[in-house]
Amino acid sequence: MAFRFDSTYAGDIADETNLRAIAPETAAAHAALHTGTGKGSDFLGWLTLPRDYDKDEHARIKLAAEKIGRQSQVLVVIGIGGSYLGARAAIEAVQPQEHNGSGNLEVCFAGNSLSPAALSKLLAYCGDKDVSLNVISKSGTTTECAVVFRIFKALLERKYGKAGAAERIYATTEYSQRSKLYELAQQEGYECFLVPDPVGGRYSVLTAVGLLPIAAAGVDTDALLRGARDAMDEYSRSGDLFRNDTLRYAAIRSLYYRAEKKIEFFAAMEPDFALLGEWFKQLFAESEGKDGKGIFPASAVFTTDLHSMGQYVQEGERTLFETLLSVREPAEDVFLTNEPGDPDGLNFLAGKPLSLLNQQALSGTRIAHFDGGVPNLLLEIDRADAYHLGWLIYFFEKSCAVSGYVLGVNPFDQPGVEAYKNNMFALLGKPGYERERAALEARLNKAGSQ
């Protein structure tokens, strides 16, 4: 198996009796997904995407990635949320963080904040380099992306002229007049790739949203999609949680939630998986956090954060559970040597691989946290490569959808995300928001005077 799910330390909450009791709910959720009868069924394109993806578009993506590599030293990917997290997570998980590009190409990410300091640094870094852009936005009006794209578009047009800039700008968007980005791309001649209607942003990493930057970074997208397809085949066969790990994971999460374990602490044993933790948080937070419900997702890297957050996990409030991610076979290993005089007391480890220390640290952590009242689940992949990452992505997507249905929410919408945007638009003076602006400014003035 490319993937292993271990619930040895899941605790009594997830015993066989409780799993059998919740099994009808996960079976119903599985059936609702595959019959399209559940909430948000218009956004189920991800469910069969690893098999049904557009093969012609994928071929264009690979050609565009090759062209970007020939033309540029830097690809700036402009996106926020699901428009960048999946791609960045995949690139950093498969490629070393220090060398995340293919050949001379470096992939950088922008448009995921409104920080002028961060943008200024990136603009300065790109100043004397050849640059291409991949701007990702379904509507073309997402504020953070639109602001940063306007600035980088001007930079490229100054460097290469309008026609030259157009050769270096790639738009990933909806093919519709509803998209301002699509309209601009048609006017300017940018190559376009599709954000499919039935795939929401946080489920879109295996579409052009993720595949173009991932391919440009030198990651094997064929292997990525093959891993996801094999996971799709594996997790579509049965609605029985005892034969389907996505359902068992969703069931155990739901049992924890009902037992007041309302925080999920996702921790990877590899530093290169830090952004995978960020993608995990968005996937589950936006899918489950609504109607006053939902497990709060947090993330960490072990063993690093065992020296900080580890104290809380071991002895803090008992409202959390852990999901741990480990890689069985490292790409490379390091062996400890024997030191004369044994100055640090580590000669007992001489000749042993560092991977063994990492695995034993994982085992020791699982036992210690379980004994301290924190149940934990282990997800293990054989290798940190594109194939296994594709499998893992699909595992989380399917599990998240089932979890949302069992929770009783629509796992494919995110209405709460609009609240800050509307307030921001009003405070910035966007036309049509005059009444809201006056009310917000009054509240801010009142708060400032207290």
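Our subject is the structure listed above.
Residues numbered from 1 in each chain as written. Predicted model: local features only at pLDDT ≥ 70, side-chain atom pairs only at ≥ 80, totals over all residues. Heavy atoms only, no water.

**As for the overall build of the chain**
Helix and strand content of the chain: 16 helices and 10 strands. Computed over its C-alpha atoms, the radius of gyration of the chain comes to 23 Å, within 12% of the 22 Å expected for a compact globule of 450 residues. Taking the principal axes of the C-alpha coordinates as reference, the chain spans close to 60 × 60 × 55 Å. For the chain, the share of sequence-separated contacts (at least 6 apart) that also reach a separation of at least 24 residues comes to 78%. Carbon and sulfur atoms form 52% of the exposed surface of the chain, whose accessible area is close to 20100 Å². (Helix = DSSP H or I, 4+ residues; strand = E, 2+ residues; numbered from the N terminus. Rg over C-alpha atoms; globule rule 2.2 N^0.38 Å. Contact = heavy atoms within 4.5 Å. Areas by Shrake-Rupley, 256 points an atom, 1.4 Å probe, with all protein chains shown as cover.)

**Side note on the packing of aromatic side chains**
Using the criterion set out here, one finds 25 aromatic pairs in the structure. Taking 6.1 Å as the distance between ring centres and 45° as the angle between the ring planes, the aromatic pair formed by F265 and F302 counts as tilted. On the criterion of sequence distance, the pair formed by F265 in strand β7 (residues 263–268) and F302 in the loop between β8 (296–301) and α12 (309–315) is long-range, its members being 37 residues apart. Residue F265 shares its accessibility class with F302, and that shared class is buried. Between F284 and F396 the ring centres are 6.4 Å apart and the planes differ by 90°, which places this aromatic pair in the edge-to-face class. Within this pair, whereas F284 is found in helix α11 (residues 274–288), its partner F396 is found in helix α14 (residues 386–407), the two being separated by 112 residues in sequence. For F284, a relative accessible area of 0% puts it in the buried group. Members of the aromatic cluster, connected to one another through ring pairs, are F3, F5, Y235, Y249, F266, W279, F280, F284, W391, F395 and F396. Positioned above the aromatic ring of F242, the side-chain terminus of R20 is 4.5 Å from the ring centre. (Phe/Tyr/Trp six-rings, centres within 6.5 Å; stacked < 30°, edge-to-face > 60°. Buried < 20%, exposed > 50% of the residue type's maximum accessible area, 1.4 Å probe, protein only. Lys NZ or Arg CZ within 6 Å of the ring centre and 35° of its normal.)

**So, the pattern of salt bridges**
Summed over the entire model, instances satisfying the criterion amount to 30 salt bridges. With a closest N to O distance of 2.6 Å, E174 and R178 form a salt bridge. (Salt bridge = Lys/Arg side-chain N within 4 Å of Asp/Glu carboxyl O.)

**Concerning the sheet that holds strand β6 (residues 191–194)**
The strand order across the open sheet formed by five strands is β3-β2-β4-β5-β6, and the pairing between neighbours is parallel. Each edge of the open sheet carries a strand with a single partner, namely β3 (106–110) and β6. Recorded for the sheet is a direction-independent mean angle of 20° between the axes of neighbouring strands. Across four bridges, strand β5 (residues 169–173) lies against β6 in parallel orientation. (Pairing = 2+ DSSP bridges. Axes fitted to C-alpha atoms, helices over the stretch in contact; angles between N-to-C directions.)

**Quick notes on the sheet that holds strand β1 (residues 3–6)**
Overall, mixed pairing links the five strands, which are arranged β1-β10-β9-β7-β8 in an open sheet. One side of each edge strand has no neighbouring strand; the edge strands of this open sheet are β1 and β8. Mean inter-strand twist for the sheet, computed between neighbouring axes without regard to direction, equals 20°. In the sheet, β7 pairs with β8 via six bridges, with the strands oriented parallel. Across the sheet, the residue bridging to E264 is P297, located in β8.

**With respect to helix α9 (residues 221–236)**
Across its 16 residues, α9 extends 22 Å between first and last C-alpha, which sits within 8% of the 22 Å expected from 1.5 Å per residue. Near the N-terminus of α9, the side chain that reaches the backbone nitrogen of D222, with its oxygen 3.0 Å away, is that of D220. (Expected span 1.5 Å × (residues − 1). Polar contact = N/O pair within 3.5 Å; in protein donor to acceptor, adjacent residues only side chain to side chain.)

**A word on the environment of F321**
Note on placement: F321 falls in strand β9 (residues 320–327). Residues within four places of F321 in sequence aside, it is in contact with R253, Y256, K261, I263, E264, F265, I295, V374 and P375.

**Considering the nonpolar core**
The biggest cluster of nonpolar side chains holds 98 residues, and the ones touching the most others in it are F3, L33, W46 and F396. It is α14 that contributes the most residues to this core, 15 residues altogether. Once you skip the residues sitting within four places of it in the chain, F3 turns out to touch Y235, D245, L379, E380, I381, W391, L392 and F395. Counting 26 residues, the second-largest nonpolar core is a separate cluster that includes V76, L133, L155 and A171. (Core = buried A, V, L, I, M, F, W, Y, C linked by side-chain atoms within 4.5 Å.)

**A closer look at unusual backbone geometry**
Between F302 and T303 the backbone carries a cis peptide bond, its omega angle lying at 15°. The residue T303 is located in the loop between β8 and α12 in this model. A positive phi is found at E260, a non-glycine position, where the angle reads about 70°. Residue classification places E260 among the partly exposed positions, given a relative accessible area of 49%. We note that D342 has phi near 50°; this positive angle belongs to a residue other than glycine. Position of D342 relative to the elements: it lies in the loop between β9 and α13 (354–371).

These figures capture arrangement, not role.
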